[in-house]
Amino acid sequence: MKVAIVGVSGAVGQEFLRILAERDFPIDELVLFGSERSAGRKYAFRGQEYEVKLLQHNDDFKGIDVAFVSAGGGTSKEFAETITKHGCVMIDNSSAFRMDPDVPLVVPECNAEDALNRPRGIIANPNCTTIMMVVALQPLEKLSHIKRIRVSSYQSASGAGAAAMDELQQQYRELLNGEPVTVSKFPHQLAYNVIPQIDVFTDNGYTKEEMKMFNETQKIMHTDARCSATCVRVSSLRSHSESVWIETESPISVEDARKAIAEAPGCTLVDDPAKLVYPMPLDTAGKDDVFVGRIRKDLSDDCGLTLWLSGDQIRKGAALNAVQIAEYLFKK
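Residues numbered from 1 in each chain as written. Predicted model: local features only at pLDDT ≥ 70, side-chain atom pairs only at ≥ 80, totals over all residues. Heavy atoms only, no water.

A.B. asks: Can you break down the overall build of the protein residue by residue, with the values?
C.D. replies: Each helix and strand in the protein was counted, giving 9 helices and 14 strands. Relative to the globule expectation of 20 Å for 332 residues, the C-alpha radius of gyration of the protein, 20 Å, shows essentially globular dimensions. Evaluated residue by residue, the protein yields a buried proportion of 53% over its 332 residues. Of the roughly 14800 Å² that the protein leaves accessible, carbon and sulfur atoms contribute 48%. Separation of charge centres in the protein, based on 37 positive and 46 negative side chains, amounts to 1 Å. (Helix = DSSP H or I, 4+ residues; strand = E, 2+ residues; numbered from the N terminus. Rg over C-alpha atoms; globule rule 2.2 N^0.38 Å. Buried < 20%, exposed > 50% of the residue type's maximum accessible area, 1.4 Å probe, protein only. Areas by Shrake-Rupley, 256 points an atom, 1.4 Å probe, with all protein chains shown as cover. Lys, Arg positive; Asp, Glu negative; His and termini not counted. Charge placed at Lys NZ, Arg CZ, Asp CG, Glu CD.)

A.B. asks: Provide a residue-level description of the packing of aromatic side chains, including the pertinent values.
C.D. replies: Inspection of every chain in the model, using the stated rule, returns 6 aromatic pairs. Consider the rings of F33 and F61, whose centres lie 4.5 Å apart with planes at 20°: the pair is stacked. Taken together, the positions of F33 in strand β2 (residues 29-34) and F61 in the loop between β5 (53-54) and β6 (66-69) put the pair 28 residues apart, joining distant regions of the chain. The same class applies to F33 and to F61, which are both buried. Grouped by ring-pair contacts, the aromatic residues F16, F25 and F68 constitute a single cluster. (Phe/Tyr/Trp six-rings, centres within 6.5 Å; stacked < 30°, edge-to-face > 60°.)

A.B. asks: Break down the pattern of salt bridges for me, with residues and values.
C.D. replies: Where charged atoms of side chains with opposite charge meet at close range, the side chains can pair. As enumerated under the stated definition, the model contains 21 salt bridges in all. The closest approach of N and O atoms between R23 and D288, which form a salt bridge, is 3.8 Å. With R23 in the loop between α1 (11-22) and β2 and D288 in the loop between α8 (281-284) and β13 (290-297), this pair connects stretches of sequence that are 265 residues apart. Of the residues examined, R23 reaches a relative accessible area of 31% and is grouped as partly exposed. (Salt bridge = Lys/Arg side-chain N within 4 Å of Asp/Glu carboxyl O.)

A.B. asks: Kindly report on the side chain of K316, identifying the contributing residues and their values.
C.D. replies: With respect to the helices, strands and loops of the structure, K316 is situated in helix α9 (residues 315-331). Among the polar contacts listed, one links the side chain of K316 to the side chain of E109, at a separation of 2.9 Å. Setting aside residues no more than four positions away along its own chain, K316 makes contact with V107, P108, E109, I131, V135, D288, V290, N321 and Q324. (Polar contact = N/O pair within 3.5 Å; in protein donor to acceptor, adjacent residues only side chain to side chain. Contact = heavy atoms within 4.5 Å.)

A.B. asks: Hey, could you go over helix α4 (residues 128-141) for me, with residue numbers and the actual values?
C.D. replies: For α4, which comprises 14 residues, the first-to-last C-alpha distance of 20 Å matches the rise-based estimate of 20 Å (1.5 Å per residue) to within 8%. Taking the largest bend as the criterion, α4 deviates by roughly 30°, centred on V135, and proline P139 comes between one and four positions later. Taking burial as the measure, the 14 residues of α4 include 13 buried ones, the bulk of the element. (Expected span 1.5 Å × (residues − 1). Bend = angle between axes of the 7 residues up to and from the residue.)

A.B. asks: With reference to specific residues and values, describe the packing of α4 against α9.
C.D. replies: Contact geometry of α4 with α9 gives a least axis separation of 8 Å together with a crossing angle of 85°. With respect to α9, the element α4 is oriented roughly perpendicular. Residues C128, I131 and V135 of α4 touch α9, and the partners they reach there are K316, G317 and N321. Classifying every residue of the contact of α4 with α9 gives 3 nonpolar, 2 polar and 1 charged. (Axes fitted to C-alpha atoms, helices over the stretch in contact; angles between N-to-C directions. Parallel < 35°, antiparallel > 145°, perpendicular 65-115°, else oblique. Nonpolar A, V, L, I, M, F, W, Y, C, P; charged D, E, K, R; others polar.)

A.B. asks: So what's going on with the sheet that holds strand β10 (residues 226-233)? Residues and values would help.
C.D. replies: Ordered by their spatial adjacency, 6 strands build an open sheet running β10-β9-β11-β14-β13-β12, and the pairing between neighbours is mixed. The sheet is open, and its two edges are formed by β10 and β12 (267-269), each paired on a single side. The average angle at which neighbouring strand axes cross in this sheet is 25°, direction not considered. Note that strand β9 (residues 146-155) and β10 share 8 bridges and pair parallel. Its bridge partner lying in β10, S153 is registered against C231. Most of the contacts of helix α7 (residues 254-263) go to β13, to which it runs at about 170°, and overall it touches β12, β13 and β14 (304-311). (Pairing = 2+ DSSP bridges.)

Remember, this is a structural readout, not a statement about activity or role.
Pasting the structure below:
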């Protein structure tokens, strides 16, 4: 198995290295690619040191079985043909191909088999908030079809990359020292603040991030469920959280919902409000599962349920999901 990582110097690229090592992914040869800024850097993996190669339009991907790509949508679009032309499977972490009808959009707990049909040799990794939500909703969908989804996300700085995480920490230092606050990676100061905008606004008043949740949920779950989202950036460093309301065709009891989520792959039930036990970013950072709690009946809807979830955006929301796709392909 010959594996490539494209964009290895970024937060998700670095997480790829950690997860591939942790899960003992079968790699006989590893090749790292990056931009001109990253080329020449060296990274350790399983006791060996690897130098980052410059990503170019050549035959460097000949013989590579799978490429994990996390270098932005522009790079993915530009280099997709170069990466796949010799048969390499490109697992892309950007939004470039997610809604392409010839590119499967995969969350293994929901639709792993979709990865087997990839006419362009590309498999898209969904948006982080969508991944975590559908992992939690899939076991409930099996109990009764979900008709509507309403969700508010509480997304950490990690969703905007390593530099954004650095900026949040820098802002807190600057505020504590009485210095001018650096604002570069976000539209406003994030420290001691929440920003009700992630990505740019579209004509209907929703942001692109919110529209991703609408469109991607339908494609992944093969559903007609309509998802209305408000995506908010909060000042936690790592791990996203979501408050989710669903309406199902038939009522689902809280007990049945808890049991389904507790038994579902990729989910951990953390739900004991009497003891103040529920998922929080401080606890879910660095973990693989989506953690779900505060499951309760929706007081406004007899067929409604409300739940809270939290998960690591860089792991399950990005790198881990991509590695799980590759693991599924390897088994098949």
